[in-house]
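Breakdown of the fold
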Amino acid sequence: LANVLHIDVGKTTLALQKTSAIVPPSACFSLLTQQGSLDLQTNSKLERDAIVSALCFLLDQVHTSGDWRKLYQDSSGSSVQSPSEIGSSAISSELLALPSSSEI
């Protein structure tokens, strides 16, 4: 989890975009790292949202030095590759806007 820079919800990566139309975007999400993405499918939107919320909570605990959500934004000027460079499409229009664990 320490390597996760961003969570995209929906079918935003090339790999997920190539999946069949049977797989709804509302059941998909991706964990983005410097090396690539881990693309996952859930059984429902509710399940996806619950897992993403839990991962956000865990990432708040792992990235204690600051806001991990900002790592992705700040990385644009560094050597970290953008999602398009690692095989993902542009940032999802459903960008994760969940509160940090301290706001819950």
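The structure displayed is predicted, hence computed values, not measured ones. (Residues numbered from 1 in each chain as written. Predicted model: local features only at pLDDT ≥ 70, side-chain atom pairs only at ≥ 80, totals over all residues. Heavy atoms only, no water.)

**Comments concerning a nonpolar patch on the surface**
A contiguous nonpolar patch, built from Leu1, Phe57, Leu58 and Val62 and spanning about 330 Å² of accessible area, is present on the exposed surface. Here Leu58 is to be found in helix α2 (residues 45–62). Overall, the relative accessible area of 39% leaves Leu58 in the partly exposed class. (Patch = residues over 30% accessible without salt bridge, like charges linked within 9 Å, V, L, I, M, F, W, Y side chains within 5 Å. Areas by Shrake-Rupley, 256 points an atom, 1.4 Å probe, with all protein chains shown as cover. Salt bridge = Lys/Arg side-chain N within 4 Å of Asp/Glu carboxyl O. Helix = DSSP H or I, 4+ residues; strand = E, 2+ residues; numbered from the N terminus. Buried < 20%, exposed > 50% of the residue type's maximum accessible area, 1.4 Å probe, protein only.)

**Examining the confidence of the model for the chain**
Of the residues in the chain, 62% have a pLDDT of 70 or more, and the chain-wide mean is 73. In the model, residues 76–101 has pLDDT below 50 throughout and makes 52 contacts with residues more than four positions away in sequence or in other chains. (pLDDT = per-residue confidence, 0-100. Contact = heavy atoms within 4.5 Å.)

**Description of the pattern of salt bridges**
Per the stated rule, a full pass over the model turns up 2 salt bridges. Taken together, the shared-partner salt bridges in this structure form one network comprising Lys45, Arg48 and Asp49.

**Regarding the side chain of Asp8**
Within the secondary structure, Asp8 sits in strand β1 (residues 6–9). There is no salt bridge for the buried Asp8, and the closest opposite charge comes from Arg48, which lies 10 Å off by N-O distance. Here the side chain of Asp8 touches Thr12 through a polar contact of 3.3 Å, side chain to side chain. (Lys, Arg positive; Asp, Glu negative; His and termini not counted. Polar contact = N/O pair within 3.5 Å; in protein donor to acceptor, adjacent residues only side chain to side chain.)

**Examining the pairing of strand β2 (residues 28–32)**
The element β2 is extensively covered by neighbouring structure, given that 5 of its 5 residues are classed as buried. Alignment of β1 against β2, held across 4 bridges, turns out to be antiparallel. Opposite Val9, over in β2, you have Phe29 as the bridge partner. Where β2 lies against strand β3 (residues 37–41), 5 bridges are found, and the strand directions are antiparallel. Looking across to β3, one finds that Ser30 is bridged to Asp39. Where β2 hands over to β3, the hairpin turn is made up of 4 residues, of which Gly36 adopts a positive phi near 155 degrees. (Pairing = 2+ DSSP bridges.)

**Side note on the environment of Ala15**
As for its placement among the helices and strands, Ala15 is situated in helix α1 (residues 14–17). Along the sequence, Ala15 and Asp39 sit 24 residues apart, while their C-alpha atoms lie 7.5 Å from each other.

**Quick look at α2**
Taking 1.5 Å of rise per residue, the 18 residues of α2 would be expected to cover 26 Å, and the 25 Å separating its terminal C-alpha atoms lies within 8% of that figure. Inspection of α2 places Arg48, Val52, Leu55, Cys56, Leu59 and Asp60 among the buried residues, and these make up the whole buried set. Buried residues of α2 fall within an arc of 145 degrees about the axis and therefore sit on the same side. (Expected span 1.5 Å × (residues − 1). Arc of directions from axis to C-beta.)

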